[in-house]
Amino acid sequence: MSHPLVIANWKMNIPSGGISGWIQNEMISSNDEVDFENKSSYFKFMGIAPPTSHLTELRNLFNFGFLGVQDISKYYDGAKTGDISADMVIEKGCSFSILGHSERREFYNETNSIVSEKLRVCLEKDIMPVVCIGESLEIYNAGKTLDILEIQLKEIFTSISTKKTAVIAYEPVWAIGSGKTPTTDEVNNIHQHIKDIVQSIANIEAVNVIYGGSVNCDNAKSFFQQTNIDGALIGGASLDGKDFLGIYNDFMETL
Ligand code: PEP
């Protein structure tokens, strides 16, 4: 694993106690087990992707781990109303971007080809891409998960050549926010296939595959214990600082 990562994706939400509440009241002070003397090193595998409007506030209050965005423009600058460029997010201290989340695909018609363009921008600008792929319930039930993942990966990664790390988030669409998950064995096998497929179609120095979809305090450890699961992308449970830190602690214990 070159870059394991546990990422909080807050989506278009602010934690109920606000950012300072999430950090002070819930995330930090709720956990006595962590050696906070050494926070920089402890949080080196944590990423947080708040709404872009709250990047500065978060960075001012919590200067550890990686800051990221939930999406990025495929363009570099200019007349692209509503977009935020790679340079802009770098200036805000971000070092990763989630790409092609299923909600972007569903609500904004984002295609694999758009995700691929964004991936190239991220690699060029030195922003770690966290590329989301995943199948619908219909595909899962039909036993065609690997076929669909292979199509997604080919359309996004073919002919990519880089010495940088790429993170792929395997997120079955039916598992996101549903409380349902595939078994940890299933996810582990799928992650191995994802790594094999990417190695065969692209030239990438390091590929880490993280899992996303209804990860919570109760099930996180069983995912992290699998050899091919290099971390997690967490939506709902990341809004509670205590839960998110608990998941992160579980991850650190299995490293
Ligand atoms: C997500 O939206 O990427 C996600 C994994 O959400 P949740 O953890 O709520 O299923």
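Residues numbered from 1 in each chain as written. Predicted model: local features only at pLDDT ≥ 70, side-chain atom pairs only at ≥ 80, totals over all residues. Heavy atoms only, no water.

### Some details on the overall build of the protein chain
Inference 1: Each helix and strand in the protein chain was counted, giving eleven helices and eight strands.
Inference 2: Since a compact globule built from 255 residues should have a radius of gyration of about 18 Å, the 17 Å found for the protein chain is in line with a globular shape.
Inference 3: In terms of overall dimensions, the protein chain has a C-alpha envelope of 45 × 45 × 35 Å along the principal axes.
Inference 4: Relative to its full complement of 255 residues, the protein chain shows a buried share of 52%.
Inference 5: Excluding contacts between residues fewer than 6 apart, the proportion of contacts in the protein chain whose partners are at least 24 apart in sequence is 73%.
Inference 6: In the protein chain, 20 positive and 33 negative side-chain charges are present, and the distance between their average locations comes to 5 Å. (Helix = DSSP H or I, 4+ residues; strand = E, 2+ residues; numbered from the N terminus. Rg over C-alpha atoms; globule rule 2.2 N^0.38 Å. Buried < 20%, exposed > 50% of the residue type's maximum accessible area, 1.4 Å probe, protein only. Contact = heavy atoms within 4.5 Å. Lys, Arg positive; Asp, Glu negative; His and termini not counted. Charge placed at Lys NZ, Arg CZ, Asp CG, Glu CD.)

### Notes on the site of the ligand
Inference 1: The environment of the ligand is made up of 14 residues, and the closest members are K11, E171, G177, S214 and G236.
Inference 2: Backbone polar atom of G177 to an oxygen atom of the ligand: 2.7 Å apart, as the coordinates give it.
Inference 3: In this structure, an oxygen atom belonging to the ligand sits 2.7 Å away from a main-chain N or O atom of S214.
Inference 4: Considering the ligand on its own, with 290 Å² of exposed area, one finds that the protein chains cover 95% of that surface.
Inference 5: In terms of residue class, the shell around the ligand is made up of four nonpolar, eight polar and two charged. (Near = heavy atom within 4 Å. Polar contact = N/O pair within 3.5 Å; in protein donor to acceptor, adjacent residues only side chain to side chain. Areas by Shrake-Rupley, 256 points an atom, 1.4 Å probe, with all protein chains shown as cover. Nonpolar A, V, L, I, M, F, W, Y, C, P; charged D, E, K, R; others polar.)

### A closer look at the environment of A8
Inference 1: Tracing the backbone through its elements, the reader meets A8 in strand β1 (residues 5–9).
Inference 2: Classification of A8 as buried rests on a relative accessible area of 0%.
Inference 3: Each C-alpha atom, one on A8 and one on P182, is 20 Å from the other, the two residues being 174 residues apart in sequence.

### Focus on the packing of helix α8 (residues 145–157) against helix α9 (residues 184–201)
Inference 1: It is the contact of α8 with α9, at a shortest axis distance of 10 Å, that shows an interaxial angle of 35°. Helix-helix and strand crossings are classified by hand; for α8 and α9 the assignment is right-handed. Across the interface between the two elements, T145, L146, L149, E150, L153, K154 and F157 of α8 pack against I190, H193, I194, I197, V198 and I201 of α9.
Inference 2: Looking at side-chain class alone, the contact of α8 with α9 contains nine nonpolar, two polar and two charged residues. (Axes fitted to C-alpha atoms, helices over the stretch in contact; angles between N-to-C directions. Left-handed = near helix turned anticlockwise from the far one by under 90°.)

### Some details on the packing of aromatic side chains
Inference 1: In the structure shown here, the tally under the stated rule is 14 aromatic pairs.
Inference 2: Judged by centre distance (6.0 Å) and plane angle (40°), the rings of F43 and F64 are tilted. Linking F43 in the loop between α2 (39–42) and β2 (46–49) with F64 in the loop between α3 (55–61) and β3 (66–69), this pair joins segments that are 21 residues apart in sequence.
Inference 3: Judged by relative accessible area, F43 falls into the buried class, the value being 0%.
Inference 4: The interplanar angle of 55° and the centroid separation of 6.2 Å between the aromatic rings of Y170 and Y211 together place this pair among those described as tilted. Residue Y170 is located in strand β6 (residues 161–170), and its partner Y211 is located in strand β7 (residues 203–212); the two are separated by 41 residues in the primary sequence. (Phe/Tyr/Trp six-rings, centres within 6.5 Å; stacked < 30°, edge-to-face > 60°.)

### Remarks on the sheet that holds strand β8 (residues 231–234)
Inference 1: Ordered by their spatial adjacency, eight strands build a closed barrel running β1-β2-β3-β4-β5-β6-β7-β8, and the pairing between neighbours is parallel. The sheet shows a mean angle of 30° between the axes of neighbouring strands, taken without regard to direction.
Inference 2: As defined by bridge partners, β1 adjoins β8 across four bridges and the pair is classed as parallel. Residue pairing for β8: I7 is matched across the bridge by L233.
Inference 3: Along the sheet face, helix α11 (residues 241–254) touches β1, β2 and β8 and points at about 165° away from the line of β1. (Pairing = 2+ DSSP bridges.)

### Points about the pairing of β3
Inference 1: When β2 meets β3, the two strands line up parallel, connected through two bridges. If you follow I48 over to β3, its bridge partner there is L67.
Inference 2: At this point the chain moves from β2, through α3, to the parallel β3, and the crossover so formed is right-handed.
Inference 3: Across three bridges, the pairing between β3 and strand β4 (residues 94–99) is parallel. Within the sheet, the bridge partner assigned to G68 lies in β4 and is F96.
Inference 4: Handedness of the β-α-β unit built from β3, helix α4 (residues 86–91) and β4 comes out right-handed. (Right-handed = clockwise from strand over helix to strand, strands pointing away.)

Scope: geometric values only; no functional claims are made or implied.
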